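# Results of the structural survey
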Amino acid sequence: MTDTDDATIARPEAVDVEVLRYAAFPDGAGGGNPAGVVLDATGLDDAIRLAVAASVGYSETAFIEPTRRDGEFRVRYFSPLAEVAFCGHATIAAAVALAERRGSGPLLFQTLAGAVEVNTDESDAGRIATLTSVPTRTRPASGEELAAALAALGWRSADLDPRYPVHVAYAGNDHLVLAVSDRARLADLHYNYDTLAALMAGRGWTTLQLVHAHTPLLFSARNPFPPGGVVEDPATGAAAAAFGGYLRALHLVDLPAQITLLQGADMGSPSRLLVDVTGDDDRVQVAGSARSIR
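Notes on the structure follow. All values reported here derive from a predicted model rather than from experimental measurement.

## Focus on unusual backbone geometry
The peptide bond linking L255 to P256 adopts the cis configuration, its omega dihedral lying at -5°. Along the polypeptide, P256 turns up in the loop between α6 (237–249) and β16 (257–263). The phi torsion at F25 lies on the positive side, around 65°, for a residue other than glycine. Counting through the fold element by element, F25 comes out in the loop between β2 (16–24) and β3 (33–38). The residue H251 is not glycine, and still its phi comes out positive at about 55°. Looking at the element boundaries, H251 is found in the loop between α6 and β16. H251 gets classed as exposed once you look at its relative accessible area, which sits at 69%.

Here it is, written out as structure tokens:
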């Protein structure tokens with residue numbers, strides 16, 4: 001389908017589903033990660049949601065259902081291949097879409113990963129949405145996990161930055177965190193799709209969080225996403241939240257801190273994610289804007 005303001009996709013019952021399209025976390029006019037947003041998914045079963053997400057073709061589409069409480073919504077996320085417990089960039093897109101219709105302010109999204117607070121506000125760059133993740137956690141990756149990931153990526157242990165231990169980090173989904181010493185290694189990403197897809201499916205990893213540290217607070221990132229049927233995500237809010245929790249848990253940043261993740265540039269879709277961590281909360285805040293795709 002072509003990108004339009006609103007897309008309609010035929011359901012099996014021949015009832016149309018209106019899908020809004022937004023790019024979340026853009027760093028410039030043409031950047032960001034596209035997401036579909038269905039503002040009222042009441043009555044849509046899982047098969048229909050999956051079919052809609054597959055037709056849209058973005059890494060995720062958010063399906064919103066209002067509850068009886070003002071500002072509270074049930075939100076579920078579907079990739080073209082499967083449901084995902086939580087998706088950061090689609091959360092930002094959904095929050096901005098709602099704010100455009102009901103005004104800025106606090107929202108509460110009830111997701112499969114738990115309750116996610118989102119606040120929308122006005123800025124010189126337009127509406128900004130800030131999500132507060134579910135509690136984060138992290139664990140060291142096993143030697144077997146690391147070896148399998150390096151083999152699928154075509155990387156070597158010598159490529160890794162020893163300052164950043166290899167971990168599996170969580171903020172609603174699990175993400176393997178691998179840091180490389182050389183930015184060129186990150187730019188030259190050509191992985192074995194089928195091998196990595198099988199590994200990630202077996203381990204329950206949603207994306208790989210591949211990063212390069214420019215400074216302790218500025219990182220370039222790339223996120224392979226084969227479990228969703230997408231080669232790579234240009235901006236990944238859930239992985240950014242997990243990475244923020246990882247940095248805090250391993251005492252790799254002085255707290256409080258705001259970390260900037262630059263993602264998508266190697267794909268031609270530059271994105272910027274702002275990650276705030278504190279010392280007294282194991283949740284993480286991730287902020288960014290979203291633009292309607294015309």
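Text resumes after the structure shown.
## Let's talk about the pattern of salt bridges
Overall, the coordinates contain 20 salt bridges when judged by the stated rule. Residues R203 and E145 are paired through a salt bridge, measuring 3.6 Å at the closest nitrogen-oxygen approach. Here the residue R203 occupies a position in helix α5 (residues 193–203), and E145 occupies one in helix α3 (residues 143–153), the gap between them amounting to 58 residues. The class of R203 is partly exposed, set by a relative accessible area of 34%. When the shortest N-O distance is used, the salt bridge between D281 and R283 registers 3.2 Å. A relative accessible area of 26% places D281 in the partly exposed class. Several salt bridges converge on common partners, so that one network encompasses R139, E144, E145 and R203.

## A word on the nonpolar core
By size, the foremost hydrophobic cluster in this structure holds 57 residues, and its most contacted members are F109, F219 and V286. Here this core gets eight residues from one element, more than from any other, and that element is helix α2 (residues 88–102). Of the residues that make up this core, three or more belong to each of domain 1 (20–121) and domain 2 (137–292). If we skip the residues at most four places from it in the chain, V286 touches F25, I92, A129, T130, L131, G237, A240, A241, L273, L274 and V275.

Here is what the cut-offs are and how they apply
- Residues numbered from 1 in each chain as written.
- Predicted model: local features only at pLDDT ≥ 70, side-chain atom pairs only at ≥ 80, totals over all residues.
- Heavy atoms only, no water.
- Helix = DSSP H or I, 4+ residues; strand = E, 2+ residues; numbered from the N terminus.
- Buried < 20%, exposed > 50% of the residue type's maximum accessible area, 1.4 Å probe, protein only.
- Salt bridge = Lys/Arg side-chain N within 4 Å of Asp/Glu carboxyl O.
- Core = buried A, V, L, I, M, F, W, Y, C linked by side-chain atoms within 4.5 Å.
- Domains from an automatic or database assignment.
- Contact = heavy atoms within 4.5 Å.

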